[in-house]
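Observations on chain architecture
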Amino acid sequence: MIASVRGLVLSALGSTAVIEVGGVGLALQVTPATALTLRVGTEARLSTTLIVREDSLTLYGFPATDELEVFELLVGVTGVGPKSALGVLAVLSPNRIAQAVASEDDAAFRKVSGIGPKTAKLIVLSLAGKVFVSAAAATAAARPAPTSASANVQTALIGLGWSERVAAQAVEETLADTADPEQVGVASLLRLVLARLGPAQQASERRS
């Protein structure tokens, strides 16, 4: 089993990344959000799982172990293959998945391409008691509703080419690292988030 890979990023486009390990370029299936965080020519480390089929060996990579754990749980659900499991993680973060399961919100999973009503309900039933919201996310959920600045920045990021999920997560993480988030203006917050994400042009190109 290949538990993780670390090496030079040769390419990262769409849902595929190629990382050179020991002179060998390994192709990994990743979420578009993960691909956006990888920079060609820099070193990256991804937790991985190898899916073996009769006619293929496919390596899936994740920047965090919680994503890998949720992916493996999803693959274990009847009717959910690796592609669909990756699709779920492309739309929903592990914490959002845990929240949906806890509240029995199968509608959240029906938003994912390829996941129908029956499979969505199976995901909720199968993952019940197996996924949990992190302490940091629980604290964030208890905070007041997002400020107009964060909403405006999310809208701007989406306009620049990032997906709604990536934009929301980046704003949330940036605010969490800010000493006084209530006092951050739109311009300042946008600069901080862009610094975290990298060039907006790359995001737009990779989604085209």
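What comes next concerns the included structure. Being a predicted model, the structure only gives us computed values, none of them experimental.

**So, the sheet that holds strand 2 (residues 16-21)**
Here 5 strands make up a closed barrel; going around it, the order is 1-2-3-5-4 and the pairing mixed. Adjacent strand axes in the sheet meet at a mean angle of 55 degrees when their direction is disregarded. Both strand 1 (residues 4-13) and strand 2 contribute to a ladder of 5 bridges, which runs antiparallel. Looking at strand 2, one finds that Leu-8 is bridged to Glu-20. Set on the sheet, helix 3 (residues 82-91) makes contact with strand 3 (24-29), strand 4 (43-53) and strand 5 (56-62); between it and strand 5 the angle comes to about 15 degrees.

**Notes on the pattern of salt bridges**
Scanning the model with the defined rule gives 5 salt bridges in all. Residues joined in a network through salt bridges with shared partners are Asp-106, Arg-110 and Lys-121.

**Let's talk about the environment of Val-24**
Following the sequence through the fold, Val-24 ends up in strand 3. Considered as a pair, Val-24 and Gly-7 are 17 residues apart in the sequence and their alpha carbons are 9.7 Å apart.

**Re the packing of helix 9 (residues 164-176) against helix 10 (residues 186-197)**
At a minimum axis separation of 9 Å, helix 9 and helix 10 run at an interaxial angle of 110 degrees. Here helix 9 lies roughly perpendicular to helix 10, going by the angle between them. When the axes of helix 9 and helix 10 are compared, the crossing they make is right-handed. Residue-level inspection shows Val-166, Ala-170, Val-171, Glu-173, Thr-174 and Leu-175 of helix 9 in contact with helix 10, the latter providing Leu-189, Leu-192, Val-193, Arg-196 and Leu-197. Across the contact of helix 9 with helix 10, the residue classes break down as 8 nonpolar, 1 polar and 2 charged.

**As for the pairing of strand 2**
Hairpin geometry of strand 1 and strand 2 is characterised by an intervening segment of 2 residues between the two adjacent antiparallel strands and by a positive phi of about 65 degrees at Gly-14. Inspection of the sheet shows strand 2 paired to strand 3 by 6 bridges, in the antiparallel sense. Looking at the pairing, Glu-20 lines up with Gly-25 of strand 3.

**Looking at the nonpolar core**
In this structure, Phe-71, Leu-74, Val-88, Ile-97, Phe-109, Ile-123 and Leu-127 are the most contacted members of the largest nonpolar core, which totals 27 residues. Contributions of two or more residues to this core are made by strand 5, helix 2 (65-75), helix 3, helix 4 (94-102), helix 5 (107-110) and helix 6 (117-127). Residues Ala-33, Leu-175, Val-193 and Leu-197 belong to the second largest nonpolar core, which totals 14 residues.

Reading the values: the criteria
Residues numbered from 1 in each chain as written. Predicted model: local features only at pLDDT ≥ 70, side-chain atom pairs only at ≥ 80, totals over all residues. Heavy atoms only, no water. Pairing = 2+ DSSP bridges. Helix = DSSP H or I, 4+ residues; strand = E, 2+ residues; numbered from the N terminus. Axes fitted to C-alpha atoms, helices over the stretch in contact; angles between N-to-C directions. Contact = heavy atoms within 4.5 Å. Salt bridge = Lys/Arg side-chain N within 4 Å of Asp/Glu carboxyl O. Parallel < 35°, antiparallel > 145°, perpendicular 65-115°, else oblique. Left-handed = near helix turned anticlockwise from the far one by under 90°. Nonpolar A, V, L, I, M, F, W, Y, C, P; charged D, E, K, R; others polar. Core = buried A, V, L, I, M, F, W, Y, C linked by side-chain atoms within 4.5 Å. Buried < 20%, exposed > 50% of the residue type's maximum accessible area, 1.4 Å probe, protein only.

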